[in-house]
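# Understanding the architecture of this molecule
So you can see what is in the structure, the chains are spelled out below.
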Amino acid sequence: MGDVKISVKDLNLYYGDVQALKNNNIEIKDKRITALIGPSGCGKSTFLRTLNRMNDLIDSVKINGTVIIDGKDIYDSQVDVVQLRKRVGMVFQRPNPFPMSIYDNIAYGPRIHGTKKKSNLDEIVEKSLKAAALWDEAKNRLHKPALGLSGGQQQRLCIARLLAVEPEVLLMDEPTSALDPISTLKIEELISELKSMYTIIIVTHNMQQAARVSDYTAYFLNGDMIEFDETEIIFTKPLDQRTEDYITGRFG
């Protein structure tokens, strides 16, 4: 426990001529929850997307620096990006189930990666829904459209869909910002339960959420990672005045 899973060194990212990340350095521990906080447009989501190369999909992006996961630089030209995104999965701000059944949403990834046998798929679907705390609500409607679920259930379905391909790292980009308080609490409880099996990095605007769920917190401002430490320290004894100003609401 507590070993470094992801090591980011001197990471810079540009959208055309605009520098969005400035010399970011961080070591993210395995099977811990790391929260990324900071005002809108500060680089949190951009940083999150560098960890599974989602920014590669944007034309004008230039990236330099290294992102090492389990000892390998994910920006090496030999890296298979499809395999990388299987290992390092992403949950987005708004739930985005595919327009198909609950079952097919979860079986989709395993099928792409070669699992065809129905009994194996049945097992993966059940296991993933249980892991995402959705099995009891979904087991009698597996072949009904996923879009019939509530927003909170859809987000748990998207987490189950991610777990079905057996990732190691879960990236969550404001996973509860579109949800009501009760659904938010369910997702937070789920994140806490998943920590024993996955390395989780969560971008959140909600500082109470960061304080509740995370072990470590990084504070971003204008593309700079200002401070990174154990969450309790960031929220009670930050070293940088800018962190304190943000946390106490004097800024942001």
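Everything here concerns the structure above.
A quick note: this is a predicted structure, and the numbers were derived from the prediction, not measured. (Residues numbered from 1 in each chain as written. Predicted model: local features only at pLDDT ≥ 70, side-chain atom pairs only at ≥ 80, totals over all residues. Heavy atoms only, no water.)

### What to know about the overall build of the protein chain
Assigned secondary structure in the protein chain consists of ten helices and ten strands. The globule rule puts the C-alpha radius of gyration for 252 residues at 18 Å, and the 18 Å found for the protein chain is close to it. In terms of its C-alpha atoms, the protein chain occupies a principal-axis envelope of roughly 55 × 45 × 35 Å. Across the 252 residues in the protein chain, those meeting the buried criterion constitute 49%. Of all intrachain contacts in the protein chain linking residues separated by at least 6 positions in sequence, the fraction that spans at least 24 positions is 68%. Carbon and sulfur atoms make up 49% of the accessible area of the protein chain, which totals about 12000 Å². (Helix = DSSP H or I, 4+ residues; strand = E, 2+ residues; numbered from the N terminus. Rg over C-alpha atoms; globule rule 2.2 N^0.38 Å. Buried < 20%, exposed > 50% of the residue type's maximum accessible area, 1.4 Å probe, protein only. Contact = heavy atoms within 4.5 Å. Areas by Shrake-Rupley, 256 points an atom, 1.4 Å probe, with all protein chains shown as cover.)

### With respect to the sheet that holds strand 8 (residues 199-203)
Reading across from one edge, 6-7-8-3-9-10 is the order of the six strands in this open sheet, with mixed pairing throughout. Every other strand in the sheet has two partners, leaving strand 6 (88-91) and strand 10 (224-230) as the edge strands with one partner each. Averaged over all pairs of adjacent strands, the angle between strand axes in this sheet comes to 15°, irrespective of strand direction. On top of the sheet, helix 6 (residues 151-163) reaches strand 6 and strand 7 (169-173); it is set at about 170° to strand 6, its chief contact. With respect to the sheet, helix 7 (residues 181-194) is in contact with strand 3 (33-37), strand 7 and strand 8, its orientation differing from that of strand 8 by roughly 150°. (Pairing = 2+ DSSP bridges. Axes fitted to C-alpha atoms, helices over the stretch in contact; angles between N-to-C directions.)

### So, the packing of helix 6 against helix 7
Interaxial distance between helix 6 and helix 7 falls to 9 Å at its minimum, and their mutual angle equals 20°. One element, helix 6, and the other, helix 7, form an angle in the roughly parallel class. With respect to the hand of their crossing, helix 6 and helix 7 are arranged in right-handed fashion. Every residue of helix 7 that contacts helix 6 at Gly 152, Gln 155, Arg 156, Ile 159 and Leu 163 is listed here: Ser 183, Lys 186, Ile 187, Leu 190 and Leu 194. Looking at the contact of helix 6 with helix 7, its residues break down into five nonpolar, three polar and two charged. (Parallel < 35°, antiparallel > 145°, perpendicular 65-115°, else oblique. Left-handed = near helix turned anticlockwise from the far one by under 90°. Nonpolar A, V, L, I, M, F, W, Y, C, P; charged D, E, K, R; others polar.)

### Overview of unusual backbone geometry
One non-glycine residue, Ala 133, lies in the positive phi region at around 55°. Located in the positive-phi region is Glu 166, a residue other than glycine, with phi close to 55°. Within the element layout of this structure, Glu 166 appears in the loop between helix 6 and strand 7.

### Description of the nonpolar core
Grouped together as the largest cluster of nonpolar side chains are 43 residues, with contacts concentrated most on Leu 129 and Ile 159. Broken down by element, the residue count for this core peaks at five residues, all from helix 6. Ignoring anything within four residues of it in the chain, the contact list for Ile 159 reads Val 91, Ala 132, Met 172, Ile 187, Leu 190 and Leu 194. (Core = buried A, V, L, I, M, F, W, Y, C linked by side-chain atoms within 4.5 Å.)

### Considerations on the pattern of salt bridges
Overall, the coordinates contain 14 salt bridges when judged by the stated rule. Between Lys 5 and Glu 168 there is a salt bridge; the shortest N-O distance is 2.7 Å. Remark: Glu 168 occurs in the loop between helix 6 and strand 7 and Lys 5 occurs in strand 1 (residues 4-15); sequence separation between them is 163 residues. Exposure remark for Lys 5: the relative accessible area of 9% places this residue in the buried category. Judged by its relative accessible area of 28%, Glu 168 falls in the partly exposed class. (Salt bridge = Lys/Arg side-chain N within 4 Å of Asp/Glu carboxyl O.)

### Details of the pairing of strand 2 (residues 18-29)
Where strand 1 meets strand 2, eight bridges bridge the pair, whose relative direction is antiparallel. Each residue of the ladder has a partner; that of Val 4, found in strand 2, is Lys 29. Counting the residues in the hairpin turn of strand 1 and strand 2 gives two residues, including Gly 16, whose phi is positive at 60°.

### Thoughts on the packing of aromatic side chains
This model, assessed by the stated rule, comprises four aromatic pairs. The interplanar angle of 25° and the centroid separation of 5.0 Å between the aromatic rings of Tyr 219 and Tyr 246 together place this pair among those described as stacked. Taken together, the positions of Tyr 219 in strand 9 (residues 216-221) and Tyr 246 in helix 10 (residues 241-247) put the pair 27 residues apart, joining distant regions of the chain. As far as burial versus exposure is concerned, Tyr 219 and Tyr 246 are alike and both buried. A cation over a ring is seen here: Arg 161 above Phe 98, with NZ or CZ 4.0 Å from the ring centre. (Phe/Tyr/Trp six-rings, centres within 6.5 Å; stacked < 30°, edge-to-face > 60°. Lys NZ or Arg CZ within 6 Å of the ring centre and 35° of its normal.)

### As for helix 3 (residues 102-112)
Of all the positions in helix 3, only Ile 102, Tyr 103, Asn 105, Ile 106, Ala 107, Gly 109 and Pro 110 are classed as buried. Against helix 4 (118-131), helix 5 (135-138) and helix 6 lie the buried residues of helix 3. Phi for Gly 114, located one or two positions after helix 3, is positive at around 105°.

The analysis is restricted to geometry; functional conclusions fall outside its scope.
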